[in-house]
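Architecture at a glance
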Amino acid sequence: MAQTAAEKILSRKAGEAVRAGDIVVVDVDGAMGTDATAPFAIKAFEGMGGKSVWDPARLALVLDHAAPAPNERISGLHSLMREFAAAQGVKLYEVGEGICHQLMVENGHAGPGEVFVGADSHTPTIGALGAFAVGVGSTDLAAVMHTGKIWFKVPRSVRVELMGSFRPGTFPKDVILHLVGKLGIAGATYEAVEFGGPAVQDLSLAGRMVLANMVAEMGAKTALVDTRGLTLPEALSGREFHDHLPDAGATYRARVDLDISDLGAQVAVPDSPDAVKDVREVAGVPVQMAFIGSCTNSRLEDLQAAARVLRGKRVAPGVRLIVTTASKRIFNEGLADGTIQALSEAGASFITSGCGPCVGTHQGVPGDGENVISTTNRNFRGRMGNAKSNVYLGSPAVVAAAALTGALTDPAPFFEAAVEGAGA
């Protein structure tokens, strides 16, 4: 029986061949909660009579959504998590260490073919490693903490085949924005989105994480990115993983073929991630705030793309550029190679590694009537903390170009010039 990647992984975990629509109960290989969800999960765990988590080595807690704590109430929730982690022997990532999904990947909490659950809707990001990674609610996380098990309805799958090569100024964020616009915010509800094709095999881990991250904006259950051509994180070296690639002839609910060679820079306009246009259609819209960060686009290659636009220049008057990295490790890498300095000299302000501006908790809430260009994944009304602002989504290159010019701008000329200079 030819199987999709999701069917193959869940079949192995269930101990029998399963197909889309079947119900399975499986052991999880890892689990994670953040300061937005873990406090509720801890209370629910205790309410279930939980005394000890099923396996402390397989659970991680992360302080990232409102960190450093913006008020006394949040500080109390952080203290609750610290005390629980210490009592249970669970790994706790402190304020500033990074964003949950990045930390799970770079520190080896999940790997190809494994089942991972996280109490955050963008947990499918970890599917960049070929893991069946699913976002769950706090109560579901509490049950996993108690038993180490979870039930799933085996999802149907959508196959996305990427071909061609990127044009200068076009990046994985443009690909996933285009796909969200094409499929819609409910276009893959409770489905697994598989990414494959020659263009995927040329992508870095960071690029694959961008694709996997935004399947949540299609309503998907998980993302599974082809791991061929991928260099795994150093933390996973030496570990053996099971076959997790789809079989030839597997059955898909739908197939999408995309030649990225013809794709320009994309922007999601207010107020939905699927309201997507080519940036040239909205060029000239003024911006007052530019943000580079979030679990979507705050890795080193994202910062390097922005620095290519901004190096030796200054952001436009009246524009504030706020930057956060996906982890402290990435910040230090950016320090070492000069990327952080280039962005700082261009006028960027750096904030603690975390989720603050993306979810609107603090460290970057826009003002009334302001237009924001952001590398985040959602632009629903009020998403960044102010329902009277307007949020546009784009790649780090689009954000940097807008910060430089003061308006939405096609970044392609900045990268075409670089290519021509390299070939001269």
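I will try to describe carefully the structure that is included in this document. (Residues numbered from 1 in each chain as written. Predicted model: local features only at pLDDT ≥ 70, side-chain atom pairs only at ≥ 80, totals over all residues. Heavy atoms only, no water.)

Description of the sheet that holds strand β6 (residues 132–135)
Heads up, the condition is: At least two DSSP bridges between two strands are needed for those strands to be called paired. Secondary structure counts use DSSP, requiring at least four H or I residues in a row for a helix and at least two E residues in a row for a strand, with both numbered from the N terminus. In this description, a line fitted to the C-alpha atoms serves as the axis of each element, helices being fitted only across the stretch in contact, and the angle between N-to-C directions of two axes falls anywhere from 0 to 180 degrees.
Spatial strand order, β4-β3-β2-β5-β6: five strands in an open sheet with parallel pairing. The open sheet is flanked by β4 (91–93) and β6, the only strands paired with a single partner. For this sheet, the mean angle separating the axes of adjacent strands, direction not counted, is 20°. As judged from the four bridges shared by strand β2 (residues 30–34) and strand β3 (residues 59–62), these two strands associate in the parallel manner. Residue pairing in the sheet places Ala31 in a bridge with Leu59 of β3.

Section: the packing of aromatic side chains
Formally: Centre distance within 6.5 Å is the pairing criterion for rings of Phe, Tyr and Trp, where only the six-membered ring of Trp is used; planes under 30 degrees apart are then read as stacked, over 60 as edge-to-face, and the remainder as tilted. Each residue's exposure class comes from its accessible area (1.4 Å probe, protein chains only) as a fraction of the maximum for that residue type: buried when under 20%, exposed when over 50%, partly exposed otherwise.
Scanning the entire structure with this criterion turns up four aromatic pairs. Residues Phe171 and Phe415 carry aromatic rings whose centres are separated by 5.3 Å and whose planes lie at 70° to one another, so their mutual orientation is edge-to-face. Here Phe171 is found in the loop between β8 (156–163) and α6 (172–183), whereas its partner Phe415 is found in helix α14 (residues 412–423), with 244 residues between them in sequence. Of the residues examined, Phe171 reaches a relative accessible area of 23% and is grouped as partly exposed. Judged by its relative accessible area of 3%, Phe415 is buried.

Describing the pattern of salt bridges
Definition in use: Between Lys or Arg on one side and Asp or Glu on the other, a salt bridge is scored when a side-chain nitrogen of the former is within 4 Å of a carboxyl oxygen of the latter.
Tallied over the entire structure, the rule returns 17 salt bridges. A salt bridge links Asp243 to Lys8, with the shortest nitrogen-to-oxygen separation between them at 2.9 Å. You can see Asp243 sitting in the loop between β10 (222–225) and β11 (254–259) and its partner Lys8 sitting in helix α1 (residues 5–14), a full 235 residues away along the chain. For Glu191, the salt bridge is made with Arg253, and the minimal N-O distance between the two is 2.9 Å. With Glu191 in strand β9 (residues 191–196) and Arg253 in the loop between β10 and β11, this pair connects stretches of sequence that are 62 residues apart. Classification of Glu191 by relative accessible area gives buried; the value is 2%.

Brief notes about helix α13 (residues 396–405)
Of all ten residues that make up α13, nine are buried, and the element is covered over most of its length. Residues Pro396, Ala397, Val398, Val399, Ala400, Ala401, Ala402, Ala403 and Leu404 constitute the buried set of α13. Of the residues flanking the end of α13, it is Gly406, one or two places downstream, whose phi is positive at about 85°.

Comments concerning the pairing of β2
Looking along a regular strand, one sees the side chains alternate between the two faces of the sheet. Put simply, the test is: Handedness of a crossover: with both strands directed away from the viewer, a clockwise path from the first strand across the helix to the second marks it as right-handed.
In terms of residue burial, β2 counts as a mostly covered element, since five of its five residues are buried. Covered by surrounding structure in β2 are Gly30, Met32 and Thr34 together with Ala31 and Gly33, the residues of both alternating faces. For the crossover that starts at β2, traverses helix α2 (residues 38–47) and ends in the parallel β3, the hand is right-handed.

Side note on the nonpolar core
Note the following rule: The term nonpolar core refers to a set of buried residues drawn from Ala, Val, Leu, Ile, Met, Phe, Trp, Tyr and Cys, joined through side-chain atoms within 4.5 Å. In what follows, a contact means two residues having at least one pair of non-hydrogen atoms within 4.5 Å.
Formed by 54 residues in total, the largest nonpolar core has its most connected members in Met104, Ile126, Leu162, Ile176, Leu179 and Phe195. Look past the residues within four positions of Met104 in its chain and what remains in contact with it is Met32, Ala60, Val62, Tyr93, His109, Ala110, Phe116 and Ile126.

Focus on the sheet that holds β10
Here we have four strands laid out as an open sheet, ordered β10-β9-β8-β11, and parallel in their pairing. The open sheet has two free edges, formed respectively by β10 and β11, since each of these has just one partner strand. Strand-to-strand, the axes of this sheet are offset by a mean angle of 20°, without reference to chain direction. Both β8 and β11 contribute to a ladder of six bridges, which runs parallel. Bridge assignment links Leu162 to a residue of β11, and that residue is Leu258. Those strands touched by α6 are β8, β9 and β11, and its axis lies near 135° from that of β11.

Side note on helix α3 (residues 72–88)
Heads up, the rule is: An expected span of 1.5 Å times one less than the residue number is assigned to each helix. When we speak of the arc, we mean the arc of directions from the helix axis to the C-beta atoms. Any N or O atom pair separated by 3.5 Å or less is treated as a polar contact, with the protein-specific requirement of one donor-capable and one acceptor-capable atom, and with residues adjacent in sequence counted only for side-chain atom pairs.
For α3, built from 17 residues, the straight-helix expectation of 24 Å at 1.5 Å per residue is met to within 8% by its first-to-last C-alpha distance of 24 Å. For α3, the complete set of buried residues consists of Ile74, His78, Leu80, Met81, Phe84, Ala85 and Gln88. Projected onto a plane normal to the axis of α3, the buried residues spread over an arc of 155° and lie on a single side. Opposite its buried face, α3 presents the exposed residues Glu72, Glu83, Ala86 and Ala87, each directed more than 90 degrees away. Close packing links the buried residues of α3 with β2, α2, β3, β4 and α5 (138–147). Where α3 begins, the side chain of Asn71 points an oxygen toward the backbone nitrogen of Arg73, at a separation of 3.1 Å. Remark: Gly89 follows α3 within two positions and exhibits a positive phi of approximately 75°.

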